[in-house]
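Spelled out, the chains give:
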Amino acid sequence: MAYNLWYWPTIQGRGEFIRLALEAAGIEYRDCARENGAEALLADLDKRKSNRGPFAPPYLALDGHAIAQVANILIYLGDQHDLSPSNMADRYWLNQLQLTVADMIEEVHNVHHPVAVSDYYDEQKTEARRAAAHFRDERMPKYLDHFEAAASSNKGNWVVNGRWSYADTSIFQLIEGLRYMFPRRMAALERHYPGLVRVHDQIAVLPGIKAYLASDRRLGFNTDGLFRHYPELDAA
């Protein structure tokens, strides 16, 4: 039976971290809002409010309930579909990494919305320039150093054990997004992160991912999503 994935239909966003794991593993799913529109997503979200419903998408709709939050969904898929190791210490370490990815993604979003999420970027450009400089110079290297250490901690080519996990697909998306958002900064930094580049490149050629990237299911990055390229916010 296919999973029902609910997320905004016109952006990659946080939903992409779920899609990549599903696509890499060949797990059948329906991208429900892509099929039925944002109105259907809002209606589905609203009807779940009184029954332990999600705060926001993405979420997986299961029998009578939903699982929300990217890390929570991924640890569930890892358990159900062997996308994470059976060793408990390794499983929770992967979850820890995924939660740290979520921390970085929040800071990524705050670069172009440092004052208020509800305000347009054009209304906070001055503050965004300052936020971008701080993120590029201090926060990006700090996060990437941490993920590089994780990618290099295993004797094999993946983050843990001898095969890919959802942490590897999340690293792929992180590198893809940062390359789009900060091409000049990433060009200057990437030589310091061979482990992350290795994981990214290995994920890109997995059969499921390769097919997904070539399909119309993989939306392009744009200035409505998490990773937004504004040339004035980028610098080496």
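Residues numbered from 1 in each chain as written. Predicted model: local features only at pLDDT ≥ 70, side-chain atom pairs only at ≥ 80, totals over all residues. Heavy atoms only, no water.

*Asks:* Kindly report on the layout of surface pockets, identifying the contributing residues and their values.
*Replies:* Taken as a whole, the largest pocket holds about 910 Å³ of empty space. Around the largest pocket, the lining comprises 35 residues; the ones closest to its centre are Tyr7, Trp8, Arg14, Pro57 and Leu226. Elements that contribute at least two residues to the lining of the largest pocket include exactly helix H4 (70–81) and helix H5 (88–112). (1 Å grid on protein atoms, 1.4 Å probe; cavity = no way out; pocket = protein on both sides within 12 Å on 5 of 7 lines; lining within 4 Å. Points joined across faces, edges and corners; volume = space filled by probe spheres on them. Helix = DSSP H or I, 4+ residues; strand = E, 2+ residues; numbered from the N terminus.)

*Asks:* Kindly report on empty space enclosed by the protein, identifying the contributing residues and their values.
*Replies:* If you walk through the whole model with that rule in mind, you get three cavities of 30 Å³ or more. Its boundaries defined by the atoms lining it, the largest cavity holds a volume of some 60 Å³. Along its surface, the largest cavity is lined by Ile11, Gln12, Gly13, Gln173, Gly220, Phe221, Asn222, Gly225, Leu226 and Phe227. Among the residues making up the lining of the largest cavity, the classes are represented as four nonpolar, six polar and no charged. Taken as a whole, the second largest cavity spans an internal volume of roughly 40 Å³. Every residue along the wall of the second largest cavity is listed here: Leu94, Leu97, Gln98, Val101, Phe147, Ala150, Ala167, Ser170 and Ile171. Those elements that provide at least two residues to the lining of the second largest cavity are H5, helix H6 (125–151) and helix H7 (166–181). Counting residues per element, the lining of the second largest cavity draws most heavily on H5, which supplies four residues. For the lining of the second largest cavity, the residue count by class is seven nonpolar, two polar and no charged. (Nonpolar A, V, L, I, M, F, W, Y, C, P; charged D, E, K, R; others polar.)

*Asks:* Give me the packing of H5 against H6: which residues, what numbers.
*Replies:* With their axes 9 Å apart at the nearest point, H5 and H6 run at an angle of 165° to one another. Taken together, H5 and H6 sit at an angle that is classed as roughly antiparallel. For H5 against H6, the interelement crossing comes out left-handed. Each of Trp93, Leu97, Thr100, Val101, Asp103, Met104, Glu107, Val108, Asn110, Val111 and His112 in H5 lies in contact with H6, whose residues at this interface are Ala128, Ala131, Ala132, Phe135, Arg139, Met140, Tyr143, Leu144, His146, Phe147 and Ala150. Within the contact of H5 with H6, the residues separate by chemical class into 15 nonpolar, four polar and three charged. (Axes fitted to C-alpha atoms, helices over the stretch in contact; angles between N-to-C directions. Parallel < 35°, antiparallel > 145°, perpendicular 65-115°, else oblique. Left-handed = near helix turned anticlockwise from the far one by under 90°. Contact = heavy atoms within 4.5 Å.)

*Asks:* Which residues make up the packing of aromatic side chains, and what are the values?
*Replies:* Taken as a whole and judged by the stated rule, the model has six aromatic pairs. For the pair Tyr121 and Tyr230, a centre-to-centre distance of 3.9 Å together with 10° between the ring planes defines the contact as stacked. Here the residue Tyr121 occupies a position in the loop between H5 and H6, and Tyr230 occupies one in the segment after helix H10 (207–213), the gap between them amounting to 109 residues. Tyr230 gets classed as buried once you look at its relative accessible area, which sits at 13%. Here Phe221 and Phe227 contribute two aromatic rings whose centre-to-centre distance is 6.0 Å and whose plane-to-plane angle is 90°, an arrangement assigned as edge-to-face. Overall, Phe227 belongs to the buried group, its relative accessible area being 3%. An aromatic cluster of three or more residues is present, and its members are Tyr180, Phe221 and Phe227. We note Arg163 situated over the ring of Trp164; from NZ or CZ to the ring centre the distance is 5.4 Å. (Phe/Tyr/Trp six-rings, centres within 6.5 Å; stacked < 30°, edge-to-face > 60°. Buried < 20%, exposed > 50% of the residue type's maximum accessible area, 1.4 Å probe, protein only. Lys NZ or Arg CZ within 6 Å of the ring centre and 35° of its normal.)

*Asks:* I'd like to hear about H4, residue by residue, with values.
*Replies:* With twelve residues, H4 should reach 16 Å at 1.5 Å per residue; the first-to-last C-alpha distance of 16 Å fits that figure. Among the residues of H4, those classed as buried are Val70, Ala71, Ile73, Leu74, Ile75, Leu77 and Gly78. Check the buried side of H4 and you find it contacts strand S1 (3–6), helix H1 (15–25), strand S3 (59–61), strand S4 (66–68), H5 and H7. (Expected span 1.5 Å × (residues − 1).)

*Asks:* Describe in detail unusual backbone geometry, supporting the description with residues and values.
*Replies:* Omega for the bond connecting Pro57 with Pro58 falls within 30 degrees of zero, at 10°, which places this linkage in the cis form. One can find Pro58 in the loop between helix H3 (38–47) and S3. In this model, Asn161 sits at a positive phi of 60°, which is unusual for a non-glycine residue. By the secondary structure assignment, Asn161 is in the loop between H6 and H7.

*Asks:* Explain the nonpolar core to me, and be specific about the residues and the numbers.
*Replies:* With 62 residues, the main nonpolar core has Leu77, Met104, Met140, Leu144 and Leu178 as its most contacted residues. Per-element accounting of this core gives the leading share, nine residues, to H6. Apart from residues lying up to four places away in sequence, Leu144 is in contact with Met104, Leu178, Met186, Leu189, Tyr193 and Leu196. Counting residues in hydrophobic clusters, the runner-up holds eight residues, among them Cys32, Ala33, Tyr59 and Ala61. (Core = buried A, V, L, I, M, F, W, Y, C linked by side-chain atoms within 4.5 Å.)

Treat this as a map of the structure, not an account of what it does.
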